[in-house]
Protein chains: 2
Amino acid sequence: MPRANGSQPPLSTTPFQLDSAEAAVIDAIRADGPLSRTDLARRLGTSRASMTSIVNRLRATEILIEVGQGKSAGGRPPALLGINGRLGYVAGVDIGATSLDIALANFRGVILERHAEEADVRLGAEPLLGRAGQIIDDMLARQDASGEWLVAAGIGVPGPVEFSRGVLIAPPLMPTWEGYPIKAFVRSHFPRATVVVDNDVNIMALGEREAGGGQGIDNFLFIKIGTGIGCGIICKGKVYRGSDGCAGDVGHICVDYNGPVCRCGNQGCLEIMAAGPAIAARGLELGQSGESPFLARRLQENDGALTAVDVGDAVAAGDRHASQIVRESGRRIGGVLAGLVNFYNPRAILIGGGVANIGHLLLSSIRQATLRRANPLSTRDLRIEYASLGADSGVVGAMTLALEHVFVVDG
Amino acid sequence: MPRANGSQPPLSTTPFQLDSAEAAVIDAIRADGPLSRTDLARRLGTSRASMTSIVNRLRATEILIEVGQGKSAGGRPPALLGINGRLGYVAGVDIGATSLDIALANFRGVILERHAEEADVRLGAEPLLGRAGQIIDDMLARQDASGEWLVAAGIGVPGPVEFSRGVLIAPPLMPTWEGYPIKAFVRSHFPRATVVVDNDVNIMALGEREAGGGQGIDNFLFIKIGTGIGCGIICKGKVYRGSDGCAGDVGHICVDYNGPVCRCGNQGCLEIMAAGPAIAARGLELGQSGESPFLARRLQENDGALTAVDVGDAVAAGDRHASQIVRESGRRIGGVLAGLVNFYNPRAILIGGGVANIGHLLLSSIRQATLRRANPLSTRDLRIEYASLGADSGVVGAMTLALEHVFVVDG
């Protein structure tokens, strides 16, 4: 794909600087696909002559190219302008607590290759980011390109991120990453790349908006249920991060003032009462007491440990006690979501994360509890579903985020 | 103020149709005051020649006028372009359950006259809107203008509004208004006016953003505590209404699954447990039992009735039991706000409504409960304050809303 088989990297540095008129043209083509100069002039309310000059600037930097012909309105058919897929490559990197997922895409966002492997974030930032760089290098080599061809990388991490600086702030799962300059490290490997770092839940919400259950929906929530419970907020089509970048911290909303003490120090947070470890701990009690013969057996097979997925398997096998655990967790989560629905009035709630794999009973319990308590007008057209991209929502979202930041608007 | 002392109304119809480049010019001047053509061209990334043509179109419709001269950069000082305050008048109407507040402003949003009177929304839409029309007519007459000079009216109502149609949906305080065509009625009186109808809480949030405690803040919440509890959400500087227009319905978030039954049919809603009537009812118990001598006396003076303000007076007089009621209400409200802070991460929470007048103890209790439970990163720079415009936030917000909708962008 590179011009002159990769020997000559593209000249311009990233992020690409655009003026607001150029950015409006790129946005229109991103949203609706290739357009003619006349279409663009009409949409943006400028003259045909001004549009020709804007398009000429974008063609000079090779960001736009002619990709075909539109329908003739009588005379010569107009040329359609599209984004130049060959301008460079984009990487989407989704770092989980125990996994590393990477996708390489062209500049139009078409995925060319994917890779997934187990990893341990606790090993630290450099080993993990170094390994990610090596995987991307290999992918680029298979495209006959070098590291200089990478123009953008989006990186999702399982912890709170200060978005503007791209650093983790007090991340409970990966304390050694605190404050680590992820962007600088990645740029030392890929000197031309625009690097964006965000929380995994925001990235997944973006992936679902781009290619999953959130397509075409202005306002929706992505709820990740795993070791913790987090929420990505899509507001008018964009990730909403709040005033300090920490919006969506729903796992520490209180559901019981007298509940158990959470790792955050408060009592009765949603997370400590309903996330994966809470389900697993209650399953362990059932297995140890023998109330659930299924879980007692599983406990023996697993050398005394159980996960939320084991409890889900017990539900699938018809275990009444296990069903009670999952229902209780769904009821707690749905109770909090009902309040968020009243406040935010989203069109959809998409549920993902490891615990979303334990079966349909969790979803139906969440749904029931949400609908029972929320404002009827807010729930009339509300969809509550499992996220549709599964494990892919992270890499797709990371790639999308990178593409959204590779252009910056001047002045 | 009108040209030719009001005898010749402006020619164009409203809302004023703009293309996106014209709208960008208006937005820039709205945000930063008068600007030169060169300033505008630089900000919008267009050539000086294109900007001259955009400005010429806006001057031809008299939306922009030259308002003075900028600093010379060596040669002739450049003309500054501003919005034409004389293009017409704008009314802000704030309808409360028992009050009618109206302000008349010029097209730049400078308030020329205000009026407040008692009113009863239960009398129905036509008597109340007719009275509002008469007040606006009188105000216009004092400006030597007629009804045709009103180019925009914003109307706030104390009930749920379907924003696009401007009608009330199942309003508990004003059932006879359900589905009433408010916009059409107002336009029958003021044929050129762009009419916008919104919920009172959204309007108040907008007023605080424009001229109160929310100035310059991107993301904040306005909480109204009165007979009910509602929330106006400002997101990136704009009112966020949600997917069905009913975002901010925080009064029916559950705080106690075993609590009393609310008028919505659910148990333990925040509103039934913490709003004005809950405070008054608990005050009544204290007065009747004699536990609070202050409230027992007030009960006699008031012929057996008490309001939340009476309980506030008891607090001010040092009544320990009354303080307990107010603290309890603040604790409940703060508990819900803590969850909303975790989710939305706003920069400020502004508290208004009738019950906000009962004194500082309510605010300090709300603050304490919010800060105790919310995510520390979200509360580091969070302000929790009483709204600063008091009774004016409604009219200012209604006027602001009208001005925001008097221009529409084509295509």
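A.B. asks: For this particular structure, what's the right way to read the overall build of chain A?
C.D. replies: Of the regular secondary structure elements, chain A holds 14 helices and 17 strands. Relative to the 2.2 N^0.38 estimate, which gives 22 Å for 411 residues, the radius of gyration of chain A is 24 Å and therefore close to what a compact globule would have. Dimensions of chain A, computed from C-alpha atoms along their principal axes, come out at roughly 80 × 50 × 35 Å. Here chain A, with 411 residues, has 55% of them falling under the buried criterion. Taking the contacts inside chain A whose residues are at least 6 apart along the sequence as the reference set, 61% of them involve residues at least 24 apart. Put simply, chain A shows about 16700 Å² of open surface, and 51% of that area lies on carbon and sulfur atoms.

A.B. asks: Got a minute to help me understand the relation of the copies chain B and chain A in this structure?
C.D. replies: Applying a rotation about an axis and a shift along it to one chain copy brings it onto the other copy. For the pair chain B and chain A, the relating rotation is 180 degrees, the translation along its axis is 0.0 Å, and the fit reaches an RMSD of 0.1 Å. The relationship between the two copies is best expressed as a two-fold rotation axis.

A.B. asks: Would you mind showing me how to read the interface of chain B and chain A here?
C.D. replies: How large an interface is tends to be reported as the accessible area lost when its parts come together. At the interface, 51 residues of chain B touch 51 residues of chain A. Taken together, the two surfaces of chain B and chain A that pack against each other cover about 4000 Å², and 47% of this comes from carbon and sulfur. Contact with chain A buries area across many residues of chain B, yet Tyr 240, Phe 343 and Arg 373 of chain B alone supply 21% of it, more than any other trio. Between chain B and chain A we count 4 salt bridges in total. The shortest N-O distance in the salt bridge between Asp 244 of chain B and Arg 380 of chain A comes to 4.0 Å. Across the chain B-chain A interface, the total number found is 23 residue pairs in polar contact (both at pLDDT 80 or more). Looking at the side of chain B that touches chain A, the elements that each hand over two or more residues are helix H1 (20-32), helix H2 (37-44), helix H3 (48-60), strand E13 (229-235), strand E14 (238-240), helix H11 (320-344), helix H12 (360-373) and helix H13 (376-379) of chain B. Residues belonging to the side of chain B that touches chain A are distributed by class as follows: 20 nonpolar, 18 polar and 13 charged.

A.B. asks: Sorry, what's going on with the sheet that holds strand E4 (residues 79-83) of chain B here?
C.D. replies: A sheet is described by the order of its strands in space; here 3 strands give the open sequence E2-E4-E3 (chain B), paired in antiparallel fashion. The open sheet has two edge strands with one neighbour each: strand E2 (35-36) and strand E3 (64-69) of chain B.

A.B. asks: It is not clear to me how the packing of helix H4 (residues 125-142) of chain B against helix H5 (residues 182-189) of chain B should be interpreted in this structure. Could you clarify?
C.D. replies: Each pair of packed helices can be summarised by the angle the axes make with each other and by the distance between the axes. Residue and element names in this part refer to chain B. Taken N-terminus to C-terminus, the directions of H4 and H5 make an angle of 35 degrees; their axes are 10 Å apart at the nearest point. H4 and H5 meet at a crossing whose hand is right-handed. Contacts between H4 and H5 pair Glu 126, Leu 129, Gly 130, Gly 133 and Asp 137 from the former with Ile 182, Phe 185 and His 189 from the latter. By residue class, the composition of the contact of H4 with H5 is 3 nonpolar, 3 polar and 2 charged.

A.B. asks: Teacher, can you tell me more about the nonpolar core here?
C.D. replies: If you look at soluble globular proteins, the nonpolar side chains tend to sit buried side by side. Judged by nonpolar contacts, the single largest core of 92 residues is most densely connected at Phe 343 of chain A together with Phe 343 of chain B. The residues contacting Phe 343 of chain B, other than those within four sequence positions of it, are Leu 221, Cys 231, Ile 233, Ala 247, Gly 248, Asp 249, Val 250, Leu 340, Phe 343 and Tyr 344 of chain A.

A.B. asks: Looking at this structure, I do not really get the packing of aromatic side chains. What am I missing?
C.D. replies: What characterises a pair of aromatic rings is the spacing of the ring centres plus the angle enclosed by the ring planes. Enumeration over the complete set of coordinates arrives at 13 aromatic pairs over all chains. The interplanar angle of 55 degrees and the centroid separation of 6.2 Å between the aromatic rings of Tyr 180 of chain A and Phe 185 of chain A together place this pair among those described as tilted. Residue Tyr 180 of chain A is classed as buried on the basis of its relative accessible area of 16%. Consider the rings of Phe 16 of chain B and Phe 407 of chain B, whose centres lie 5.7 Å apart with planes at 40 degrees: the pair is tilted. Placement of Phe 16 of chain B in strand E1 (residues 16-18) and of Phe 407 of chain B in strand E17 (residues 407-409) is noted, with a sequence separation of 391 residues between them. We note Arg 241 of chain A situated over the ring of Phe 163 of chain A; from NZ or CZ to the ring centre the distance is 3.6 Å.

A.B. asks: Looking at this model, I keep getting lost on unusual backbone geometry. Mind explaining?
C.D. replies: Positive phi is not limited to glycine here, since Asn 345 of chain A has a value of about 45 degrees. As for its position among the elements, Asn 345 of chain A is in the loop between helix H11 (320-344) and strand E15 (348-352). Phi is positive for Asp 144 of chain B, which is not a glycine, with a value near 65 degrees. Along the chain, the position of Asp 144 of chain B falls in the loop between H4 and strand E8 (150-157).

A.B. asks: Looking at this structure, how should I read the pairing of strand E6 (residues 99-106) of chain A?
C.D. replies: The two faces of a sheet get side chains in turn, since along a regular strand they alternate between them. Residue and element names in this part refer to chain A. Of all 8 residues that make up E6, 7 are buried, and the element is covered over most of its length. Summarising the sheet, strand E5 (residues 89-95) and E6 pair through 7 bridges and their orientation is antiparallel. Following the sheet pairing, Ala 91 is matched in E6 by Leu 104. Counting the residues that bridge the hairpin from E5 to E6 gives 3 residues. Where E6 and strand E7 (residues 111-118) come together, 7 bridges link them in antiparallel fashion. Considered in E7, the bridge of Ser 99 is made with Glu 118.

A.B. asks: How do you make sense of the packing of helix H2 (residues 37-44) of chain A against helix H3 (residues 48-60) of chain A when you look at a structure like this?
C.D. replies: Residue and element names in this part refer to chain A. H3 packs onto H2 with a crossing angle of 115 degrees between their chain directions and a minimal axis gap of 9 Å. Between H2 and H3, the angle falls in the class roughly perpendicular. As for the relative orientation of H2 and H3, their crossing is right-handed in sense. Contacts between H2 and H3 involve Arg 37, Thr 38, Leu 40, Ala 41 and Leu 44 from the first element and Arg 48, Met 51, Thr 52, Val 55 and Arg 59 from the second. Split into classes, the residues belonging to the contact of H2 with H3 amount to 5 nonpolar, 2 polar and 3 charged.

What counts and how
- Residues numbered from 1 in each chain as written.
- Chains lettered and ligands numbered in written order.
- Predicted model: local features only at pLDDT ≥ 70, side-chain atom pairs only at ≥ 80, totals over all residues.
- Heavy atoms only, no water.
- Helix = DSSP H or I, 4+ residues; strand = E, 2+ residues; numbered from the N terminus.
- Rg over C-alpha atoms; globule rule 2.2 N^0.38 Å.
- Buried < 20%, exposed > 50% of the residue type's maximum accessible area, 1.4 Å probe, protein only.
- Contact = heavy atoms within 4.5 Å.
- Areas by Shrake-Rupley, 256 points an atom, 1.4 Å probe, with all protein chains shown as cover.
- Least-squares fit on C-alpha atoms with pLDDT ≥ 70 in both.
- Buried area = accessible area lost by both parts, 1.4 Å probe.
- Salt bridge = Lys/Arg side-chain N within 4 Å of Asp/Glu carboxyl O.
- Polar contact = N/O pair within 3.5 Å; in protein donor to acceptor, adjacent residues only side chain to side chain.
- Nonpolar A, V, L, I, M, F, W, Y, C, P; charged D, E, K, R; others polar.
- Pairing = 2+ DSSP bridges.
- Axes fitted to C-alpha atoms, helices over the stretch in contact; angles between N-to-C directions.
- Left-handed = near helix turned anticlockwise from the far one by under 90°.
- Core = buried A, V, L, I, M, F, W, Y, C linked by side-chain atoms within 4.5 Å.
- Phe/Tyr/Trp six-rings, centres within 6.5 Å; stacked < 30°, edge-to-face > 60°.
- Lys NZ or Arg CZ within 6 Å of the ring centre and 35° of its normal.
- Parallel < 35°, antiparallel > 145°, perpendicular 65-115°, else oblique.

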